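Take a look at the letters that make up each chain.
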Amino acid sequence: MKAEKNPAAPHYNADIQNARVGIVASRFNGFIVDRLVDGARATLQEQGIRDNAVVFLQVPGAFELPVAVKKLADEGNCEGIIALGAVIRGETAHFDYICSGVTNGLMRVSLDHGLPVGFGLLTVDNEAQALARAGEEDNKGRDAAQAVLEMISLLRRVRQ
């Protein structure tokens with residue numbers, strides 16, 4: 001049986017033209033998150049999304065991602081929003097509460113607004129795992145941007 005080349009490869013085309021996309025990124029663990037932002041921005045540019053069609057917001061940490069994503073969603077100017085952050089496990093349960101809260105908050109915004117929210121939150125055990133997921137070839141910011149663009153395309157087709 002022949003395996004699919006890349007099942008996560010984008011499944012969209014020209015019907016993402018003129019899309020307006022938000023990126024909300026945390027400053028905490030910025031040395032990782034900046035790489036995710038670069039990956040997301042590169043993907044948007046490669047797919048023809050102009051810089052002036054991208055709204056970029058930074059928040060202090062991952063826990064603040066849902067409220068900023070919700071604010072962008074409430075404004076109604078974006079067809080999709082990419083949420084980017086990195087939470088690295090520490091010695092306390094803080095990691096579990098943050099990861100769960102952010103995940104649930106982002107999903108709630110997505111469902112409440114019928115809006116694609118790209119989940120680019122790294123939830124890793126150590127810095128090496130974070131760097132591996134924020135690299136040139138494997139970049140979860142790029143993956144989150146691709147998911148948002150595919151969902152914008154899908155939702156546009158559904159509306160037609």
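Residues numbered from 1 in each chain as written. Predicted model: local features only at pLDDT ≥ 70, side-chain atom pairs only at ≥ 80, totals over all residues. Heavy atoms only, no water.

Asker: Even after reading the chapter, I still don't get the pattern of salt bridges, so can you show me in this structure?
Answerer: If charged atoms from side chains of opposite charge come close, those side chains can pair. By the definition in use, this model includes 10 salt bridges. Between Lys71 and Glu75 there is a salt bridge; the shortest N-O distance is 3.2 Å. Taken together, the positions of Lys71 and Glu75, both in helix 2 (residues 65–75) and 4 residues apart, correspond to about one turn of that helix. Here Glu75 falls in the partly exposed class, since its relative accessible area comes to 46%. (Salt bridge = Lys/Arg side-chain N within 4 Å of Asp/Glu carboxyl O. Helix = DSSP H or I, 4+ residues; strand = E, 2+ residues; numbered from the N terminus. Buried < 20%, exposed > 50% of the residue type's maximum accessible area, 1.4 Å probe, protein only.)

Asker: Got a minute to help me understand the side chain of Ser26 in this structure?
Answerer: With respect to the helices, strands and loops of the structure, Ser26 is situated in strand 1 (residues 21–26). Not counting the four nearest positions on each side in its chain, Ser26 is found in contact with Val33, Val59, Pro60, Gly61, Ala62, Leu65, Leu84, Gly85 and Ala86. (Contact = heavy atoms within 4.5 Å.)

Asker: Just to check I follow, could you spell out helix 5 (residues 140–159) for this structure?
Answerer: The end-to-end C-alpha separation of helix 5 is 28 Å, in line with the 28 Å expected for 20 residues at 1.5 Å each. Among the residues of helix 5, Gly141, Ala144, Ala145, Gln146, Val148, Leu149, Ile152, Ser153 and Arg156 are the ones counted as buried. Where helix 5 begins, the capping side chain belongs to Asn139, and its oxygen is found 2.8 Å from the backbone nitrogen of Gly141. (Expected span 1.5 Å × (residues − 1). Polar contact = N/O pair within 3.5 Å; in protein donor to acceptor, adjacent residues only side chain to side chain.)

Asker: Got a minute to help me understand the nonpolar core in this structure?
Answerer: A general trend in soluble globular proteins is that nonpolar side chains are found buried together. Core analysis: the biggest nonpolar cluster contains 26 residues, and Val21, Leu44, Ile82 and Leu84 have the highest contact counts within it. The biggest single contributor to this core is helix 1 (residues 30–46), with 6 residues. With near-sequence residues (within four places) excluded, Ile82 lies in contact with Val21, Gly22, Ile23, Val24, Ala40, Leu44, Gly118, Ala144, Ala145 and Val148. By size, the runner-up hydrophobic cluster in this structure holds 22 residues, among which are Val59, Cys78, Val87 and Phe95. (Core = buried A, V, L, I, M, F, W, Y, C linked by side-chain atoms within 4.5 Å.)

Asker: Just checking my understanding: could you explain the confidence of the model for the chain for this structure?
Answerer: Any segment with low pLDDT has predicted coordinates that should not be analysed in fine detail. Per-residue pLDDT for the chain has a mean of 92; in total, 91% of the residues score no lower than 70. Counting contacts from residues 1–5, a segment whose pLDDT is below 50, to residues more than four positions away or on other chains yields 0 contacts. (pLDDT = per-residue confidence, 0-100.)

Asker: Would you mind going over the environment of Phe63 with me for this structure?
Answerer: Note that Phe63 resides in the loop between strand 2 (54–59) and helix 2. Residues Phe63 and Tyr97 lie 34 residues apart in sequence; the distance between their C-alpha atoms is 9.4 Å. If sequence neighbours within four positions are ignored, Phe63 has contacts with Ile98 and Val102.

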